[in-house]
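Commentary on secondary and tertiary structure
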Amino acid sequence: MAASATSSESSSSSKRARIGSHLDHETPPRRKRAKEEEEEEEEEEEYQSLIPGLPDHLAQLCLAHLPPPLIFAVCRSWRRLLYAPSFPPFLSLYALLYADDEPNAVAFACFDPVAAAWVDLPPPPTPLLQQLPNPNPNSPNLGVLIRHPSFLSRRLPLQSVAAAGHLAVLAGSTAELLPALPRPLVFRPHPGPPRWLLGPAPPLGPRRWCAAGAAPGGGGVFLASGVGPRPHDPALARSAALWHPRDGAWAPLPPLRDGRFSRDAAEAVGARGKLCMVNLRGRGPKQGAVLDLRRRAWEPMPPGMLAGWSGPVAAAAGDDDDDDAEAAMYVVDEGAGALRAYDWGGDRWETLLDAPELLRGAAQVAAGGGRVCVVTGCGGAVLVVDVSSSSPEPGTPTPPPRTWVVEPPPGKRVLAVHVLPRMGRPES
Amino acid sequence: MAGSSKEMEKVLLRTADGGSFVVSRCVAAAMVAISCEVEAGEGEREGGILVPNVTRPVLAKILRFLHIHVEMAPSLYPITLERFDKEFLNVSVDFLYHILLAAYHLKIVSLRDLVCQKVADMMKGKSIDEIRTTFNIPNEYTAEEMAKITKKYPWIFDQQLDDEKGISVEKDKNIENEGTSKGKHKRTADELGSVEKDNHIENKKGTNREEEIHVESKEGASTGKDKQIEDKEEREGARRRRHSE
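Quick summary incoming for the structure in this document. For clarity, every value in this text was computed on a predicted model and none was experimentally measured. (Residues numbered from 1 in each chain as written. Chains lettered and ligands numbered in written order. Predicted model: local features only at pLDDT ≥ 70, side-chain atom pairs only at ≥ 80, totals over all residues. Heavy atoms only, no water.)

Things to note about the side chain of A:Ser310
Residues and elements named next belong to chain A. Heads up, the condition is: The way it works is that DSSP assigns letters per residue, a run of H or I at least four long becomes a helix, a run of E at least two long becomes a strand, and they are numbered from the N terminus. Three labels apply to residues, based on accessible area from a 1.4 Å probe with only protein chains included: buried if under 20% of the type maximum, exposed if over 50%, partly exposed otherwise in between. Contacts described as polar in this section are N or O atom pairs within 3.5 Å, which, within protein, must combine one atom able to donate a hydrogen with one able to accept it, while residues neighboring in sequence count only if both atoms come from side chains. Residues count as neighbours in contact if any of their non-hydrogen atoms are within 4.5 Å of one another.
Its place among the elements puts Ser-310 in the loop between helix H8 (303-307) and strand S17 (313-315). By relative accessible area, Ser-310 is classed as buried at 10%. Reaching out from Ser-310, the side chain makes a polar contact with the side chain of Asp-333 at a distance of 3.4 Å. Once residues within four sequence positions are removed from consideration, Ser-310 is found in contact with Gly-282, Arg-283, Lys-286, Val-331, Val-332, Asp-333 and Glu-334.

As structure tokens, this is what we get:
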């Protein structure tokens, strides 16, 4: 191809000099050559090169700069590339779902925002499920208790965390009110084919609930305190540990001062080198604690952070320490129905969006890729808020952020959402 | 490092189609695929180094890039380099592909990445139909499928979709494109024009392998005016060609 370049260029230069010749219907030499090559290749196999004239591995490098919806729309080979394991994955919204009529059967699905469609996760393989107390061995769903027949008004916690590119289900209860997950159930969407695995058992044993979150800067899964099979276990109530999915074991962290964080399922939110948590979900007087991972020491939560922690909180899980230095933390004030961002300098929460009709009673929130995703009360919808806008001119009012609503698949409700890379698929 | 005397020594590079260039060592070594030969001193031998996988006009273009980015860069502002890169890649899609393939084969990662970004930038400004036409991609989707796809995309992570209408299919930028494509084609014709002139000169001169086609570094062009450098080089090159005829 290189050898003939000069002659073809000089012969086509006269044709090329015409205005807008790339819109011609007449086929210039380059296209004729590419077409002939394509036809030859089609006879051998149904192969469509990504960008005719370039080898695929270089075309891939070009396409990696394009917005995913554009790649999705141009042609089938581009769309296949978008989901190929070798191509940088776009972020998607993962959800734990339950059916209205079967609240105790939890299913996993992923909302692909480029295709604008829900995709079920492949079910955990049977050998994995057999290691969990699953009341229905034939069902691919995770058999944990969300609604106890004696406590219909209250949902028992099922805790999941997105950390280091993995989705980890960490704590829940069985019908017998014992820990449902002796080991974390973990899903890895990317790279390679999506797969499920079991993580190592947490130190001091599995929990019915705990403080759980993603360590900042891609540090892995953080777990602290909580309640195990025995209702009263002071050592467990004070413990803390960290697990990165590439490691085989949990790494212990300095214990808490006392067991007050065991009273409720708590979110531990990792941002700017720290893990922040409170000991009561929702509104009401509570206590907070912050673990500084660099100093490996617990410290009290700044008063402004604690005062505004009035609902579910999330931070965007950065991939590395550079991302983490600018990490933002968000709270949904479930009483007022407002989304706020934490101002690290001023120790106060700044309101981004006032939307009581949508956000009141919010159950859980996840952040990532410039968006905050809120599971609205009762799990009937996910509100996606754009928090990525650049700062406007000083003096002009900030426009309210854009929002979109994602509805769960029919008949299902959302327990929790997480932001993670899309699953790899060979064909789409 | 550019500037030390060893780096500024001249080496001879040849292409399979009869091209011959004398450049600074540091420029030649920036092509990682031949850097071992450059380090070994092969460029100072009689036959020089035969650069594989590239034709004369493409190598000329690449050497120009490396001259600016390797030799001139320390004395240029970043914005000057940016402006140079933008002008440098304002060529036909065909020539862009040749540059990309050569940058890949010669293992010049920065140029490879720059061209890939450029190809992507050319696509970003276009509607889906325009992309397919310009890059010769068949339309495999039915009208129904396209209607489903191009309804306004509600949202994705990471990127803002600026248009309210999401991804556009219509060819509503014809006039703009005609303007830019006209500019591009004109540039190509110019380049090809100078290329053809060079061919002519080489044939006449026979085996004179000391031709330096506007890739020698310039003293005193360190004020950061890239346009001036290019113009100056162009004029010097033309003057030399005229003198040797």
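Some thoughts on the nonpolar core
Going by this rule: Grouping buried Ala, Val, Leu, Ile, Met, Phe, Trp, Tyr and Cys residues that are joined through side-chain atoms within 4.5 Å yields what is termed a nonpolar core.
One finds A:Ile51, A:Trp78, B:Leu13, B:Met31 and B:Phe135 to be the most contacted residues of the largest nonpolar core, which totals 77 residues. Not counting residues up to four positions away in its chain, the partners in contact with A:Ile51 are A:Ala59, A:Cys62, A:Leu63, A:Trp78, B:Tyr97, B:Val119, B:Met123 and B:Phe135. With 25 residues, the next largest nonpolar core counts A:Leu96, A:Ile146, A:Leu181 and A:Leu420 among its residues.

Observations concerning the packing of aromatic side chains
Here a ring pair, both rings aromatic, is described through the centre-centre distance and the interplanar angle of the planes. Short version of the rule: Aromatic rings from Phe, Tyr and Trp, taking only the six-membered ring of Trp, are treated as a pair when their centres fall within 6.5 Å; an angle between ring planes under 30 degrees marks them as stacked, one over 60 as edge-to-face, and anything in between as tilted.
Overall, the coordinates contain 14 aromatic pairs over all chains when judged by the stated rule. Taking the centre distance of 5.0 Å and the plane angle of 65° together, the rings of A:Phe108 and A:Trp196 count as edge-to-face. You can see A:Phe108 sitting in strand S2 (residues 102-112) and its partner A:Trp196 sitting in strand S8 (residues 195-198), a full 88 residues away along the chain. The class of A:Phe108 is buried, set by a relative accessible area of 7%. Accessibility expressed as a relative area gives 8% for A:Trp196, which makes it buried. Aromatic side chains A:Trp404 and B:Trp155 sit 6.5 Å apart centroid to centroid with 25° between the ring planes, which places their arrangement in the stacked category.

As for the packing of helix H3 (residues 56-72) of chain B against helix H5 (residues 93-105) of chain B
Residue and element names in this part refer to chain B. Just so we agree on the cut-off: For helices, the fitted line uses only the C-alpha atoms of the stretch in contact; every axis is such a line through C-alpha atoms, and the angle between N-to-C directions lies from 0 to 180 degrees. Small angles under 35 degrees read as roughly parallel and large ones over 145 as roughly antiparallel, with 65 to 115 read as roughly perpendicular and the rest as oblique. In this classification, Asp, Glu, Lys and Arg are treated as charged, Ala, Val, Leu, Ile, Met, Phe, Trp, Tyr, Cys and Pro as nonpolar, and every other residue, Gly included, as polar.
At a minimum axis separation of 10 Å, H3 and H5 run at an interaxial angle of 75°. Taken together, the axes of H3 and H5 lie roughly perpendicular to each other. Seen from H3, the contacting residues are Pro-57, Val-58, Lys-61 and Ile-62; seen from H5, they are Phe-95, His-98, Ile-99, Ala-102 and Ala-103. When grouped by side-chain class, the residues that make up the contact of H3 with H5 number 7 nonpolar, 1 polar and 1 charged.

Section: the pairing of strand S6 (residues 166-171) of chain A
All names here are of chain A. Put simply, the test is: Following DSSP output, two strands are said to pair if at least two bridges run between them.
In terms of residue burial, S6 counts as a mostly covered element, since 6 of its 6 residues are buried. Sheet topology places strand S5 (residues 159-163) next to S6; 5 bridges connect them, and they run antiparallel. Following the sheet pairing, Ser-160 is matched in S6 by Val-169. Turn length for the S5-S6 hairpin, with the two strands adjacent in sequence and antiparallel, is 2 residues, and the turn residue Ala-164 shows positive phi of about 50°. Across 3 bridges, the pairing between S6 and strand S7 (residues 185-188) is antiparallel. Bridge pairing links Ala-168 to Val-186 in S7.

Describing the sheet that holds strand S23 (residues 382-386) of chain A
All names here are of chain A. Spatial strand order, S21-S22-S23-S24: 4 strands in an open sheet with antiparallel pairing. The open sheet has two edge strands with one neighbour each: strand S21 (364-368) and strand S24 (403-406). The sheet shows a mean angle of 20° between the axes of neighbouring strands, taken without regard to direction. Bridging between strand S22 (residues 371-375) and S23 involves 5 bridges; their strand directions are antiparallel. Directly across from Val-375, in S23, lies its bridge partner Val-382.

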